[in-house]
Structure formats: structure tokens, C-alpha cells
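Survey of secondary and tertiary structure
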Amino acid sequence: MSYMPRKELEGILDYIMNRADEAEFEVIVKACQRRAKDRNSFGKINGKGPGATSRMVAEGIQEQMGFSMNGIRSTVRGLVEDIIRKNAPEVSEEELADLMEAYVPDPAAAKDKPAPASKLPPEALLSMVRQFVEFSEQRMPPSRQRELWEQMPRWQDEYWAIFPAEVKALIKAYLDGKLNGDTFATGILSILGL
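Residues numbered from 1 in each chain as written. Predicted model: local features only at pLDDT ≥ 70, side-chain atom pairs only at ≥ 80, totals over all residues. Heavy atoms only, no water.

Focus on the overall build of the protein chain
Applicable threshold: Secondary structure elements follow DSSP: runs of H or I no shorter than four residues count as helices, runs of E no shorter than two count as strands, and numbering proceeds from the N terminus. With a 1.4 Å probe rolled over the protein chains alone, any residue whose accessible area is under 20% of its type maximum counts as buried; one over 50% counts as exposed, and the rest are partly exposed. Note on definitions: a residue-residue contact is assigned when non-hydrogen atoms from the two residues lie within 4.5 Å. All accessible-area figures derive from a Shrake-Rupley calculation using a 1.4 Å probe, and residue coverage is judged against the displayed protein chains alone.
A count of helical and extended segments in the protein chain gives eleven helices and zero strands. In the protein chain, buried positions account for 25% of the 194 residues. Sequence-distant contacts, at least 24 apart, represent 57% of the contacts inside the protein chain between residues at least 6 apart. Surface exposure of the protein chain reaches about 13400 Å², of which carbon and sulfur atoms provide 55%.

This is the structure in C-alpha cells:
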């Protein structure tokens, strides 16, 4: 079990106790209640746990609403590739291809394999949060905006749908000016386990 530093915990508690408005507080309460329920009741539904059930529901939504998973996958692949190239420039093209397949596998090839246990890499989520906030604060260069819109026309909505509830609450609080940049960054890194 990992613990967050005392200063981070104090910042989060201060936000909850002193600065969260009614709507934000309600989101926090609901998130805590959901977390407690998930931890205490194994959430077995039709013989499946919460993870398997949520994957099944997500697949159903994808089929019914026709979400562009290829667009999301393409954007995530680009983010992961950028992270790898920045942090390990010595990686060969072959090694990069293997890493990309490990982090963002081809869904067609994955149908023959057991479902992967991993989710989006935390670094990819962090990059998505940065892009979302840069765009929201009108700091994103127009060329990057155009690139994202070409890859995924509704990227902001799709990113928002992917973010965990705790990340959404922190983003909203930061953009509303209720959290400073350091507290926001520390909270995001803590939630993502980075």
C-alpha cells in the first residue's frame, strides 16, 4: 500500500474542507462512496467483477454509439511514442515497435489473445491532461490543435470521458482557480501514481 506525502494530503483535505463548492463537494462524496462500495462489495454482476463489467459496458457503448476508437488509439499511440522517444532516444525502431505494441496493442490482434490487465499508461494520461489544460487555458499552439482535431474531431470530449472522476474534479477545480498549479500538479501525479 502506498501513502501520499503529508503535504499532498493536507492540500487535498484543505481543498475538500475549505474551497470546494457544493457541486464539487458532491462529486467528491460520490467518488468516495463509489470507491468504498467497490472495495467492500466485490461488485459481482452476472459472475463478473467491476472491471470486467465496465469493459463489457464500454464495448457495448462503443458498438451502439460508434465512437472512433481508432482515433483515440491513434492519438494515444502518438502520445506514447512521443514519451518513449523523449525518455529513451537510444531505442531502435524495432524496439520502439515492440514497446508500442506492448503499450497500445492492435485491437484486431488482441482478439486472439487474453485481455490485457493494463490500462492506458499513466504517462499517456498525464500527457492527455496537459493537452486538455493547455487547450482550456488557450495556451496550446494552433498547429497542435489542428493536429489533434484532424486525428480526432471531438478529442476534448473523448479525453474527458477517459479521465477518472478524481482527475476530472482536480482539472475543474484548477481551471476554476480553486487550486494553484503546484497543488494541481501534485494531485494529478499522485492520482496517476507517478
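Having seen the model, we can carry on.
Concerning the nonpolar core
Here is a general trend for soluble globular proteins: nonpolar side chains tend to be buried in one another's company. Formally: Put simply, buried Ala, Val, Leu, Ile, Met, Phe, Trp, Tyr and Cys residues joined by side-chain atoms within 4.5 Å make one nonpolar core.
Ranked by internal contacts, the top residues of the largest apolar core, which has 31 residues, are Val129, Tyr159, Phe163, Ile171, Phe184 and Ile188. Counting only elements with at least two residues in this core, the list comes to helix H4 (69–87), helix H5 (93–103), helix H7 (122–136), helix H9 (155–162), helix H10 (165–175) and helix H11 (181–192). When residues of this core are assigned to their parent elements, the largest contribution, seven residues, is made by H7. The contact partners of Tyr159, leaving out residues within four places of it in the chain, are Thr75, Leu79, Met128, Gln131, Phe132, Leu148 and Met152.

Examining the packing of aromatic side chains
Applied cut-off: Only the six-membered ring of Trp is used, alongside the rings of Phe and Tyr, when aromatic pairs are assigned; centres must lie within 6.5 Å, and planes under 30 degrees apart are stacked while those over 60 apart are edge-to-face, with the rest tilted.
What the rule picks out here adds up to eight aromatic pairs. Plain terms: the ring middles of Phe135 and Trp149 are 5.7 Å apart, the flat faces sit at 85° to each other, and that makes the pair edge-to-face. One end of the pair, Phe135, is in helix H7; the other, Trp149, is in helix H8 (residues 142–151), with 14 residues separating them in the sequence. Here the aromatic residues Phe132, Phe135, Trp149, Trp155, Tyr159, Trp160 and Phe163 are joined through ring pairs into a cluster of three or more.

Describing a negative patch on the surface
Keep this limit in mind: In this scheme, patches are assembled from residues that exceed 30% relative accessible area and form no salt bridge. Like charges are connected within 9 Å, while nonpolar side chains (Val, Leu, Ile, Met, Phe, Trp, Tyr) are connected within 5 Å. Note on definitions: salt bridges are taken to be side-chain nitrogens of Lys or Arg within 4 Å of carboxyl oxygens of Asp or Glu. Residues scored as charged are limited to Lys and Arg (positive) and Asp and Glu (negative), so that His and the chain ends carry no count. For this purpose, a charge sits on NZ of Lys, CZ of Arg, CG of Asp or CD of Glu.
Residues Glu90, Glu94, Glu95, Asp98 and Glu101 make up a contiguous surface patch of negative charge. Tracing the backbone shows Glu101 in helix H5.

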